[in-house]
Every structure is written in C-alpha cells, then in structure tokens.
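# Understanding the architecture of this molecule
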Amino acid sequence: MKQSFLLWLFAPCLVAAALPPAQAQESVGTVRVELRVVSSRVGSAVIDRGSADGLARGDRITFRTRDGKAYFGTLRRIEERGAQVDLDDPNFVPPAGMRGEADVPAARFAIAPPLGAPEAAPRAQATAPAHPPWKPREDEWTQDQALLARVQPLRPSQRPSSTHGRIYTIADYVRSTEDQRSDGFYRLGGEVTIENSRGNGERIHFDGELNYRQTDVPDNGDDTGTYLRVDRASYAVGGNRFQPDRFEFGRFMHDNMPEFGMVDGVEWSQRRANGDRYGLSAGFMPEPDPQMNSIQDFEVSASYRWIHDDSEQLSAAGGFQKTLHNSSADRDLFVGKFQYLPRNGWSFTSTGWFDYYTSSDTAKGQGLEVTQAYVDTGKLWESGSSLHMVYSHMAFPELERDEFLPVTAAQLADDHNDRFALQARVRVFDPVRVHASSGVWADQDDTGSDFECGVEVDDLLSERSLIDVAGFATQGKFVSVLGARAMFSRQTDFGQWGAEYELANNRINGFSDNNDDLPQHRVRLFTDSFLANGWSLSGHLETIVWDQENSVALGFYLQKNF
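Rules and cut-offs
- Residues numbered from 1 in each chain as written.
- Predicted model: local features only at pLDDT ≥ 70, side-chain atom pairs only at ≥ 80, totals over all residues.
- Heavy atoms only, no water.
- Pairing = 2+ DSSP bridges.
- Helix = DSSP H or I, 4+ residues; strand = E, 2+ residues; numbered from the N terminus.
- Axes fitted to C-alpha atoms, helices over the stretch in contact; angles between N-to-C directions.
- Phe/Tyr/Trp six-rings, centres within 6.5 Å; stacked < 30°, edge-to-face > 60°.
- Buried < 20%, exposed > 50% of the residue type's maximum accessible area, 1.4 Å probe, protein only.
- Contact = heavy atoms within 4.5 Å.
- Patch = residues over 30% accessible without salt bridge, like charges linked within 9 Å, V, L, I, M, F, W, Y side chains within 5 Å.
- Areas by Shrake-Rupley, 256 points an atom, 1.4 Å probe, with all protein chains shown as cover.
- Salt bridge = Lys/Arg side-chain N within 4 Å of Asp/Glu carboxyl O.
- Lys, Arg positive; Asp, Glu negative; His and termini not counted.
- Charge placed at Lys NZ, Arg CZ, Asp CG, Glu CD.
- Polar contact = N/O pair within 3.5 Å; in protein donor to acceptor, adjacent residues only side chain to side chain.

An order of 1-2-5-4-3-6 is seen for the six strands of this closed barrel, with the pairing classed as antiparallel. Between one strand axis and the next, the sheet turns through 40° on average, direction left out of account. As paired strands, strand 1 (residues 30–41) and strand 6 (residues 99–105) are joined by seven bridges and run antiparallel to one another. Bridge pairing links R32 to D103 in strand 6.

What follows is the structure, given as structure tokens:
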C-alpha cells in the first residue's frame, strides 16, 4: 500500500524525460500574486484580485491555512478587480479574509511595443527634416530571445521605496431559535509591506488581527474571548537577480516549502543560475490556537526545488522537517511535490506528507506512512469546458504535541479518510453550460458518496447575469441528503450581487420512520463590491428553516487596500 502511494508522487517525473530541452522563453519564470477571500459559499469563493492583477480564467488558486495545509481551486469568472474560484473540495468553505496565492506567467506583466502594428502614414517629403542614415545597432539580439532581453533591470538602489497593504474589519453573527443560542465573531486586522526602504531590496512584513468572540446560551455556559493574533512579523532581504541568497527573520510562513507551516525563526534560500532553489530554516513553531504561543516546539528543515526551464511549468520539490517538543524528539516529516502546469493541455499537481516513525512510536510502528496526500489533474479548454480529477488522503500523525484533542492508540493506527472526486463543466452552446461533480470517500468504518449536476445560463434575464440550477445528493455516515438549489447573480462594474435558494431533505440514520426526515429551506442574499480607491465591501444574509427551528446568519467584510 505504501509503495502505491509513492508511485503517484514520483512516477510523473518521467514526464520530464519526455519533454524537449529547455529553450529561451518569451518571459522568465512566474510571479506570485497574493490574494484574500472576500466571500464564499458551497463550492466557490470570491477573491479580491482580478485581471488588473495579472490573473486569467483557468489559473490555479491555492488557499493556505496557518499550518501550511493547502486547498485548491480554479479561477472561473474574472473581473478587473475581483474573481470567482471554483473549489476542488466542495466541503471546504474558506472563511472571509483567508489568504491565498496564484503563480502566473511573468509574460502577463511584460510591457513591450506591439508587434505587427500598422505603419504610420508617410509624411510629405518636403516637410521631412534632413537626417543622416540610421546606423544599425549591434546589440546581438536574436529572434529566440525575449523582447526585453536587452533592457537593463533596475538595481534595488535605483528603485524607490514603497509601502502597500490593507486594513479590514469582518463581522459574523448567527442566531438560532434552538435554545436561543447566538454566536458572534468580530475581527479587526491589517497587513503592511514596506519594500526597499534602505535601498537594499529589503521587505518588512506585518500581518496582525484582533479577534473578539461571544457565545450566548440560556444557561451559564456563555463564553467570550479577545485575542491579539500576529500572523506575520518579519524582515526579508535578497532573493532577486542581484542577490540570489534570500534571508528572512521573524514570524512567517516558510517560503521555499510552505507545507512546513509557520515558524518563529530564520530561513535561508538560494536560487541557482538554472532556477533551482535550496532552503534551510530553524526556529520555534507557533501553536495552532488563537494565542499562537511559541517556544514549546522547535523545528529545523531543509528543502530543494527543481525546475525544468525558466517558464517553471514543470517543477518538483522535496524537503525534510525535524521537530522537537519540549526538547524531546517528535516528528520526522518528509514533503514531496510535483507540478506540471502547461499553458495549454493537461495539468498535474501532487503533494505528499510522509511521516517516518521509529520503534518508540508505539501506535504506528517503525516505518514510513503517508499521512496526507493531494493529487489533481485537469484541463481547461478554450470553449470554457473543463475536467478535473482530485484525490485526497488524510490520516493522524503520531505527535508529542498536545495542542490537539487527544486520540486513542487505535485511532492513530487506523483512522483515515480517502476521497476521489470528478468535476466537469461542458459548454453545450452559448450561453449554456452543464456542470457535474461526483465524489466517493472511505474511512476506517464506512464509505459514502456525493453527486451534483446542474445547468448554468449566462445573460438570460439581464446582461452579465448568471442563473445556476442544480440538484444534489449525499450518502453520508449518519445522514443522507437529497436536494436542489437555484442561484441568480449579476455582475456589475463594481462587483456582483445575487440570491440563492436551497431545498433539501436530511434523512438521519438511527431514528424511527416517523422521525427520520428533516426538511431544510435555505435562503442566501449576497453582494461583493470593489469600490474606488482600493475599498471593497462584501455582505451576506442567510436564513435556514427546519421543521420547528430556524437560524439567521449575517455578516460583512470591509477592506481598504493601499
């Protein structure tokens, strides 16, 4: 079984042998575009970056949690300052404000005179000033070079300093008639990046958030809490064409291998002339709770990233992380990644987390185990049709860290979850598309499945509108669901607004025939606006009605980019 997991990670490396030798590209490398989630619902999320930031339809989006885990999606609809992402995992709903990233070709940011432009009308010879013949420039430029190959880049000392970032506030409130319970979660935060303040190409990052959570219940179980969370406070220098060595100090997420999570320490990486990168890090790991305390867990890591050519369409990476808990040996973690992301054609992405156990790990036993895996392959056609296949695997690693809920030795040894999903979208004819998704899963005790099929129609009721009607079914471990939803949204010059209605019946296992069906009505109103001067505002109002109970949820997300 373990050997089969290793095959999917390393077998794609055979693709590299079949590729042609590296050639000069029209542009070099990729550019990482950082983004945030503005709003989300089942199966999709709206982000605060769009075509003005270099994104394009079909780009792969990565959402990252603080512990380095990644969730993926494909950019489907795009506007100038915002975009909609289809999530690979429909069960994952990223919260507002969650960070993400997209690696896009550097060619989208290149500025060059257009080729093949019509020549200007000839001037009258009488008015043309006398001029000696032009001398050809002997700059040795050839047709296989980039258009800007001879343009001299600016050194950090020649570039001005800059400051950019954002401030935001997020509020979510939920009230349920069941026990008259209410929950409120309110967030105020911001991030700032200061670049090149001293002319050395340095970057100072800060990202923090003030949280307030309140829970009211009828008895004495009310709970309130206020937390100040610092997600990033670091100083980075280097990592450019003039300084191949990159250093970062402070609190940050690993740059060369983000899967290793956050660290309070230092990271060094070096980019070689061929584009390959080496990385080393050492420091303390913040605890995965609102306080994010440090000191108890120490880590050291080493990583390496290989690229096939300057376009970075084909790459592979591997790394090892050793952790200590209260100075005692804890986790031996290997991470391997493979990516093939051509401009056109089938893409392939895989990431695996491999834990190595010794004889002292009694629940697991000595050896190597795949504790987490993610494999995705898909293709987007010019017509707008797409196909994606996704496989994921999760299991408990055996750790000394005690910040998580305790699990038994039997759970450590046996508990797992494996899921395979297929997603397709087919453009039948303009403006009609059919979309379908199906998934199956298995854990240590049971199996289940889910299915959804729907139709999307553009511009039916009004210009720039979308109607999406779908039916879905889920066969779970404790409940089976059968339902349908209808959604209407309309794009505007400043964002989008829409409404969604869902009707579902939940059949709960273990109840009598007279009491096993729970019907559910859900209505959701939403709006996402990208205003002038960097302001954006997102809001939603949702109500759910059951047999005799109901709940109301409302929230907003206000952000200012500068």
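Bringing the pairing of strand 12 (residues 262–271) into the picture now. Here strand 11 (residues 245–253) runs beside strand 12; their pairing, made up of nine bridges, is antiparallel. Each bridged residue has a counterpart across the sheet, and for F247 the counterpart in strand 12 is W268. As paired elements, strand 12 and strand 13 (residues 277–284) share eight bridges and run antiparallel to each other. Bridged to E267 within strand 13 is S281.

Counting across every chain of the model gives 10 aromatic pairs. Consider the rings of F247 and F249, whose centres lie 6.5 Å apart with planes at 10°: the pair is stacked. For the pair Y278 and Y304, a centre-to-centre distance of 5.1 Å together with 40° between the ring planes defines the contact as tilted. Of this pair, Y278 sits in strand 13 while Y304 sits in strand 14 (residues 297–307), placing them 26 residues apart in sequence. A residue is classified by how much of its surface remains accessible, and Y278, at 33% relative accessible area, is partly exposed.

Here we come to unusual backbone geometry. The omega torsion of the bond from D430 to P431 falls at 5°, within 30 degrees of zero and hence cis. When you line up the elements, P431 lands in the loop between strand 20 (416–429) and strand 21 (432–443). With a phi angle near 60°, N196 is a residue other than glycine that sits in the positive phi range. For N196, the position within the fold is in the loop between strand 8 (181–195) and strand 9 (203–216). Even without being glycine, N326 reaches a positive phi, approximately 50°.

Before going further, it helps to examine the environment of P342. Positionally, P342 belongs in the loop between strand 16 (328–340) and strand 17 (347–357). Accessibility expressed as a relative area gives 16% for P342, which makes it buried. For the pair P342 and E312, spaced 30 residues apart in sequence, the C-alpha separation works out to 9.1 Å. What P342 contacts, discounting residues up to four positions off in sequence, is Q313 and S347.

With that settled, the discussion passes to the side chain of R419. By the secondary structure assignment, R419 is in strand 20. Leaving out residues up to four positions away in the same chain, R419 has contacts with D89, P90, N91, V390, Y391, S392, G439, V440, W441 and D450.

Turning to a negative patch on the surface, a few remarks are in order. A surface patch of like charges, here negative, comprises E178, D179, D219, D222 and D223. In this structure, D223 sits in strand 10 (residues 223–238). Its relative accessible area of 47% is what places D223 among the partly exposed residues.

The next thing to look at is the environment of N274. Note that N274 resides in the loop between strand 12 and strand 13. A distance of 3.1 Å separates a polar side-chain atom of N274 from the backbone nitrogen of D276.

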